[in-house]
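So the chains spell out like this:
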Amino acid sequence: MINFESVYLKRNDKEIFSGLDFFVQKNEKVLIQGKSGIGKTTLFKILLGFETIDKGRVTFNKKDIVKEHITEIRHQIFYLSQDIDLKNEKVKNLLEEILEYNLLKNQDKAHFADLLNFLDLNDIILNQSIKELSGGERQRIGLLIGFLLDRPVWLLDEPTSALDDIMKNKIIDYIIGQDKTIIIISHDDVWKKNNTIRIERW
Amino acid sequence: MMMSGKKTTLLELKGGDQLGAQDLTLLSLASLLVFLIPVFYINRRLKLKINKTMSASIIRMCIQLSFVGLYLEFLFKFNSPILNIVYLLIMISIACQSILKSSNLKIRKLFIPVFFSLLLPFAIILLFFNAVVVRIDNLFEAKYMIPIGGMLLGNCLRSIIIGLNNFYSGIKKDERVYLYSLSLFSSRIQALKPYFKESITASITPTIASMATIGLVSLPGMMTGQIIGGSIPIVAIKYQIAIMLSIFYTEYFSTILSVLFSLKVGFNELDVLNQDIFISKK
Ligand SMILES: Nc1ncnc2c1ncn2[C@@H]1O[C@H](COP(=O)(O)OP(=O)(O)OP(=O)(O)O)[C@@H](O)[C@H]1O
Ligand SMILES: [Mg+2]
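For every chain, the first residue of the written sequence is number 1, and numbering continues from 1 onward in sequence order. Both sets of labels track the order of writing: A upward for chains, 1 upward for ligands. The predicted origin of the model limits local features to residues at a pLDDT of at least 70 and limits the giving and counting of side-chain atom pairs to 80 or more, whereas totals for whole chains, interfaces and linings rest on all residues. The basis for every side-chain value is the complete set of non-hydrogen atoms in the structure, without hydrogens or water.

**Quick word on the overall build of chain B**
So, point 1. Numbered from the N terminus, helices here are DSSP runs of H or I no shorter than four residues, and strands are runs of E no shorter than two. When you go through chain B residue by residue, the secondary structure sums to 11 helices and 0 strands.
So, point 2. What you see in chain B, going N to C, is helices and strands ordered as α-α-α-α-α-α-α-α-α-α-α.
So, point 3. Principal-axis analysis of the C-alpha atoms places the extent of chain B at approximately 65 × 55 × 35 Å.
So, point 4. Buried positions account for 42% of the 282 residues belonging to chain B.
So, point 5. In chain B, the proportion of contacts linking residues at least 24 apart, taken out of those at least 6 apart, comes to 74%.
So, point 6. When charges are counted, neither His nor the chain ends are considered; positive counts come from Lys and Arg and negative counts from Asp and Glu. One atom stands in for each charge, and that atom is NZ of Lys, CZ of Arg, CG of Asp or CD of Glu. Charge centroids of chain B, computed over 27 positive and 13 negative side chains, lie 10 Å from each other. Here's how the labels work: a residue is buried when its accessible area is under 20% of the maximum for its type, exposed when over 50%, partly exposed in between, all with a 1.4 Å probe on protein chains only. Should any heavy atoms of two residues lie within 4.5 Å, those residues are considered in contact.

**Topic: the pairing of strand β4 (residues 55–60) of chain A**
Residues and elements named next belong to chain A.
So, point 1. In this structure, strand β1 (residues 2–11) lies alongside β4, joined through 5 bridges in antiparallel fashion. Across the sheet, N3 pairs through a bridge with T59, a residue of β4.
So, point 2. Two strands are counted as paired when DSSP detects at least two bridges linking them. Inspection of the sheet shows β4 paired to strand β5 (residues 63–64) by 2 bridges, in the antiparallel sense. Residue pairing in the sheet places T59 in a bridge with D64 of β5.
So, point 3. Two successive antiparallel strands, β4 and β5, enclose a turn made up of 2 residues, where N61 displays a positive phi of approximately 55°.

**Topic: the pairing of β1(A)**
Residues and elements named next belong to chain A.
So, point 1. In the sheet, β1 pairs with strand β2 (residues 14–24) via 8 bridges, with the strands oriented antiparallel. Bridged to R11 within β2 is K14.
So, point 2. The hairpin formed by β1 and β2 contains 2 residues between the paired strands, and N12 there has a positive phi angle of roughly 50°.

**Quick look at the side chain of Q240(B)**
All names here are of chain B.
So, point 1. Here Q240 is to be found in helix α11 (residues 233–266).
So, point 2. Since its relative accessible area comes to 6%, Q240 is described here as buried.
So, point 3. With near-sequence residues (within four places) excluded, Q240 lies in contact with I214, P220, M222 and M223.

**Details of the nonpolar core**
So, point 1. Residues F4(A) and Y168(B) are the most contacted members of the largest nonpolar core, which totals 128 residues.
So, point 2. With 16 residues, the single largest contributor to this core is helix α7 (residues 142–173) of chain B.
So, point 3. Two domains share this core, each providing at least three of its residues, namely domain 1 (34–78) and domain 2 (88–277) of chain B. In this text, buried Ala, Val, Leu, Ile, Met, Phe, Trp, Tyr and Cys residues form a nonpolar core when linked through side-chain atoms within 4.5 Å. The domain boundaries here were taken from an automatic or database domain assignment.

**Remarks on the sheet that holds β4(A)**
So, point 1. Sheet architecture is open: 4 strands sit in the order β2-β1-β4-β5 (chain A), paired in antiparallel fashion. Taken across any chain shown, the strands that pair with only one partner, and hence form the sheet edges, are β2 and β5 of chain A.

**Quick look at helix α7 (residues 165–176) of chain A**
Residue and element names in this part refer to chain A.
So, point 1. A helix is expected to reach a length of 1.5 Å times the quantity of its residues less one. When the terminal C-alpha atoms of α7 are compared, their 16 Å separation across 12 residues agrees well with the 16 Å that a helix rising 1.5 Å per residue should span.
So, point 2. Taken as a whole, α7 has its buried residues at M167, K168, I171, I172, I175 and I176. In a view along the axis of α7, the buried residues occupy a sector of 150°, so they form one face of it.
So, point 3. On the buried face of α7, the contacting elements are β3 (29–33), α4 (109–118), α6 (135–149), β7 (153–157) and β8 (181–185).
So, point 4. Polar contact is the term for a pair of N or O atoms within 3.5 Å; when the atoms are in protein, one must be able to donate a hydrogen and the other to accept it, and sequence-neighboring residues count only if both atoms are side-chain atoms. The distance from a side-chain oxygen at the start of α7 to the backbone nitrogen of I166 is 3.2 Å, and the residue carrying that oxygen is D164. This arc is taken over the directions from the axis of the helix to the C-beta atoms.

**Some remarks on the coordination of the magnesium ion (ligand 2)**
Working reference: metal with six octahedral donors, ideal angles 90 or 180 degrees; metal with four tetrahedral donors, ideal angle 109.5 degrees.
Residue and element names in this part refer to chain A.
So, point 1. At this site the magnesium ion (ligand 2) is bound by T41 (OG1) and Q82 (OE1), with donor distances of 1.9 to 2.3 Å. With T41 in helix α1 (residues 40–47) and Q82 in the loop between β6 (77–80) and α3 (91–101), the pair connects residues that are 41 residues apart, well separated along the chain.
So, point 2. The class for Q82 is partly exposed, based on a relative accessible area of 39%. Because water is not among the atoms used, a metal site may look incomplete, as its donors are only the N, O and S atoms within 2.8 Å, or 3.2 Å for Na, K and Ca.

**Some remarks on the domain arrangement of chain B**
So, point 1. Here the domain parsing of chain B yields domain 1 (34–78) and domain 2 (88–277).
So, point 2. Between the C-alpha centres of domain 1 of chain B and domain 2 of chain B the distance comes to 27 Å.

**A few points about unusual backbone geometry**
So, point 1. Look at L103(A): it is not a glycine, yet its phi comes out positive at around 55°.
So, point 2. Looking at the element boundaries, L103(A) is found in the loop between α3 and α4.

**Some words on the packing of helix α4 (residues 51–78) of chain B against helix α5 (residues 81–102) of chain B**
Residue and element names in this part refer to chain B.
So, point 1. Relative orientation of the contacting elements α4 and α5 amounts to 150°, with a least axis distance of 8 Å. Between α4 and α5, the angle falls in the class roughly antiparallel. Here the hand of the crossing between α4 and α5 comes out left-handed. From α4, Y71, L72, F74, L75 and F78 reach across to α5, where they touch L83, N84 and Y87. Note on geometry: axes are C-alpha line fits, over the in-contact stretch for helices, and angles between N-to-C directions span 0 to 180 degrees. Each angle is binned into one of four classes, with values under 35 degrees roughly parallel, values over 145 roughly antiparallel, values of 65 to 115 roughly perpendicular, and all other values oblique. Each crossing gets its hand from how the near helix is turned against the far one by less than a right angle, where anticlockwise is left-handed and clockwise is right-handed.

Structure below.
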């Protein structure tokens, strides 16, 4: 599903990848761990077409990451960025806008309410703007967007870093239980309790 | 460069009184420099270190306007459509350079998109102005085409600078948010929309504001010149309204086009901002 074949990438004279090989099967769950600055986030950015590699080959669903496929590829990936870089708008409006552009305007109301409840979010938060949210609230809004979009591949960059233990456990179980291809970057050892997850150490 | 001052006296109106303004002798013009003495003095006392730049600016203004005067005389004498068009095309090129320079964008990369985004609305509005509004027979009449063209260009300059600057520096500053929008919306147009909206608003707001206050505080330069040049005020005002509207339309469309036309150069194939369009400040 996702293939990195001897990928080279250099930024500002610094080798980030020199001959990286990395493969993910459909519906696999992979946890990537490794020290800061080693290039974990960069891996996601390459898949989304935000970084272009110097040498090697990267494919998504057997398709190269090029102009012709990029919209389709992006449309299949839900990316939760490390700092949840949502634009500063009222949460409600932002959600509406995202759903509208993804042609998901007619969300099942009950499903939406369930998700809010599950993530411990409420109307007050929906009426705040992104900048006013706490780190954990923003993280849960980010996850909510991912759950609503329901895209087949999830790239989650530190998705649980700002959550408390109860919420962490709940969300990890939910994510691992999904019928999706999911790559997680996390320093949280809680992910490892589940033995279906493959661990990649960098 | 935008020939303010001179152009207005040249704008004699069809059917209007053509008394013409009293000519100024060089000596009487030079007499205005008398007031520079106290300015220099005060600057020195206050230790304002601007005497040098100020003198340079004044000298430049005099030289530039003298040249404008010379070649305008020349253009008006021949009144050849081709010559007039060439002149305006050169003016547009100079305007493009100056736009890109003040917006910290690379001239080499963006010249062509900005050139056409200026040329299209400019040509349409200018021809419309001459043909439908003033109804002159020779659409390329130097007397109308050159000063009005200069006026439109001078104003577009500012609005395109604001528009392009706002758009590209907005995305550059906000790049992570832009890229994240790209991943959520999966369409470049949707991700760019907020930056586009913001840049258009920023670029036309000053003109909208100046339309709202015009005449209350100051008389616009063009009108002042026209009245001194012998037009009756009501005619001058009609021209002023026509000009303000034309300026507004040209600014509006050329700013939108400049952003749209520059997208192909401004972003790579995967919709990521091209860092190399910016002049690096190293
Ligand atoms: N736009 C960029 N320009 C230059 N260098 C960059 C850029 N983005 C990342 N880097 C460098 O690439 C390297 C890898 O960055 P990356 O963000 O992938 O690390 P990471 O493994 O995700 O680290 P962390 O665990 O701290 O998030 C770092 O050394 C970083 O400085
Ligand atoms: Mg990272």
